[in-house]
Amino acid sequence: MATMNAAVRQYIDLLEFLCEDLSDAHELPRIGAQFCHAVVLSTGAKNAVEIGTGYGYSTLWIGAALQETGGGLITIDCDARKSAQARQHARRAGLDAIIDFRQGEAAEILKSLEGPIDFVLNDADKNSCIQYVETLLPKLSDRAVVLTDNIHTHSVELADFLFWARSQPSLFSTEVRVGNGMEMTIKRPGVAETP
Ligand SMILES: C[S@@+](CC[C@H](N)C(=O)[O-])C[C@H]1O[C@@H](n2cnc3c(N)ncnc32)[C@H](O)[C@@H]1O
């Protein structure tokens with residue numbers, strides 16, 4: 001099994017620097033992206049989905065972990081320009097073979113995905129988080145992890161989502177005080193979903 005290579009690490013540092021000058025990057029803080037990387041590594045996730053590619057900063061951190069677990073990532077963004085630039089960054093980092101860039105509305109693309117899905121970074125439209133996770137629920141593998149960013153910085157927009165996620169019998173969902181605040185939602189094995 002490979003370990004995170006120096007070239008990928010260097011390119012991530014460069015992209016982090018480039019994002020500082022982009023007012024619309026809204027990338028995860030480094031600690032949040034590293035947490036995603038850590039969750040993929042520790043769970044051994046193979047099939048990952050990212051909702052909200054942006055310029056690909058979190059994408060590269062997740063992709064670097066999947067390179068070690070032998071997995072792959074589908075990343076979704078409705079912004080064609082950002083999606084194209086993120087694809088370029090992935091190519092330059094040497095991760096393009098394991099990242100599948102999908103450009104379009106997340107709600108539509110999520111419906112078309114097949115399971116099992118082991119890891120999700122949920123970082124796009126905050127008002128659609130219930131819809132996104134509801135669509136993914138039947139496709140999540142046992143103990144799959146969904147990380148939803150911005151629960152501290154967008155607490156009003158995400159209040160309904162948090163209530164919903166924490167009330168589902170088939171999920172365990174809790175706050176993680178890292179970066180912008182993340183909700184860590186885990187699919188419980190053997191618990192039926194509420195219809
Ligand atoms: C916070 S940024 C993602 C940042 C990225 N995760 C990172 O850390 O580098 C959110 C992204 O979600 C995308 N987005 C917003 N609403 C969307 C939707 N309905 N469908 C798909 N993408 C959407 C935006 O274009 C934007 O690039």
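Look a little higher up for the structure.
Rules used in this analysis
- Residues numbered from 1 in each chain as written.
- Predicted model: local features only at pLDDT ≥ 70, side-chain atom pairs only at ≥ 80, totals over all residues.
- Heavy atoms only, no water.
- Near = heavy atom within 4 Å.
- Polar contact = N/O pair within 3.5 Å; in protein donor to acceptor, adjacent residues only side chain to side chain.
- Nonpolar A, V, L, I, M, F, W, Y, C, P; charged D, E, K, R; others polar.
- Axes fitted to C-alpha atoms, helices over the stretch in contact; angles between N-to-C directions.
- Helix = DSSP H or I, 4+ residues; strand = E, 2+ residues; numbered from the N terminus.
- Contact = heavy atoms within 4.5 Å.
- Patch = residues over 30% accessible without salt bridge, like charges linked within 9 Å, V, L, I, M, F, W, Y side chains within 5 Å.
- Areas by Shrake-Rupley, 256 points an atom, 1.4 Å probe, with all protein chains shown as cover.
- Salt bridge = Lys/Arg side-chain N within 4 Å of Asp/Glu carboxyl O.
- Parallel < 35°, antiparallel > 145°, perpendicular 65-115°, else oblique.
- Left-handed = near helix turned anticlockwise from the far one by under 90°.
- Pairing = 2+ DSSP bridges.
- Buried < 20%, exposed > 50% of the residue type's maximum accessible area, 1.4 Å probe, protein only.

K.L.:
So what's going on with the site of the ligand? Which residues, and what values?
P.N.:
Around the ligand, 21 residues are found, and the nearest of them are Leu28, Gly52, Ser58, Asp77 and Asp123. In the model, an oxygen atom of the ligand is placed 3.5 Å from a nitrogen or oxygen of the Tyr57 main chain. Considered class by class, the residues forming the shell around the ligand number seven nonpolar, six polar and eight charged.

K.L.:
Any details on the packing of helix α6 (residues 129-136) against helix α7 (residues 155-167)? Residues and values, ideally.
P.N.:
Taken N-terminus to C-terminus, the directions of α6 and α7 make an angle of 30°; their axes are 9 Å apart at the nearest point. Taking contact as the criterion, the partners of Cys129, Ile130, Val133 and Glu134 in α6 are, on α7, Leu158, Asp160, Phe161 and Trp164. Residue classes in the contact of α6 with α7 are distributed as six nonpolar, no polar and two charged.

K.L.:
For a nonpolar patch on the surface, give the residues involved together with the corresponding values.
P.N.:
A cluster of nonpolar side chains, namely Leu14, Phe17 and Leu18, defines an oily patch on the protein surface of about 280 Å² accessible area. Considering the arrangement of structural elements, one finds Leu14 in helix α1 (residues 6-19).

K.L.:
Explain the packing of helix α2 (residues 30-43) against helix α3 (residues 57-69) to me, and be specific about the residues and the numbers.
P.N.:
Look at α2 against α3: their axes get within 8 Å of each other, and the N-to-C directions meet at 20°. Taken together, the axis directions place α2 and α3 in an arrangement best described as roughly parallel. Two packed elements cross with a definite hand, and for α2 against α3 that hand is right-handed. Touching Arg30, Ala33, Gln34, Cys36, His37, Val40 and Leu41 of α2 are Tyr57, Trp61, Ile62, Ala64, Ala65, Leu66, Glu68 and Thr69, all from α3. Tallied by class, residues from the contact of α2 with α3 come to ten nonpolar, three polar and two charged.

K.L.:
With reference to specific residues and values, describe the sheet that holds strand β6 (residues 171-176).
P.N.:
Strand order in the open sheet formed by seven strands is β3-β2-β1-β4-β5-β7-β6, with mixed pairing between adjacent strands. The open sheet has two edge strands with one neighbour each: β3 (99-103) and β6. Direction aside, neighbouring strands of the sheet carry axes that sit 15° apart on average. By the bridge criterion, five bridges tie strand β2 (residues 72-77) to β3 in an arrangement that is parallel.

K.L.:
So, unusual backbone geometry: which residues are in play, and what are the values?
P.N.:
In the segment running from Gly115 into Pro116, the intervening peptide bond is cis, with an omega of -5°. One can find Pro116 in the loop between α5 (106-112) and β4 (117-122). Unlike most non-glycine residues, Arg143 shows phi in positive territory, near 65°. Take Arg143: its relative accessible area is 57%, and that puts it in the exposed class. Even without being glycine, Asn150 reaches a positive phi, approximately 80°. You can see Asn150 is positioned in the loop between β5 (140-149) and α7.

K.L.:
Break down the side chain of Ser141 for me, citing the residues and quoting the values.
P.N.:
Here Ser141 is to be found in strand β5. Within the local environment of Ser141, its side chain forms a polar contact with the side chain of Asp118, the two groups lying 2.7 Å apart.

K.L.:
Before we move on, could you go through the pairing of strand β7 (residues 182-187) and cite the residues and values that matter?
P.N.:
Of all six residues in β7, five are buried; the element is thus mostly enclosed. In the sheet, β5 pairs with β7 via five bridges, with the strands oriented antiparallel. Its bridge partner lying in β7, Val145 is registered against Ile186. Judged from the six bridges that link them, β6 and β7 form a sheet pairing that is antiparallel. In the sheet register, Glu175 faces β7, and the bridge partner there is Glu183. What sits between the antiparallel neighbours β6 and β7 is a turn of five residues, in which Gly179 has the positive phi angle 60°.

No statement about biological role is implied by the geometric values presented.
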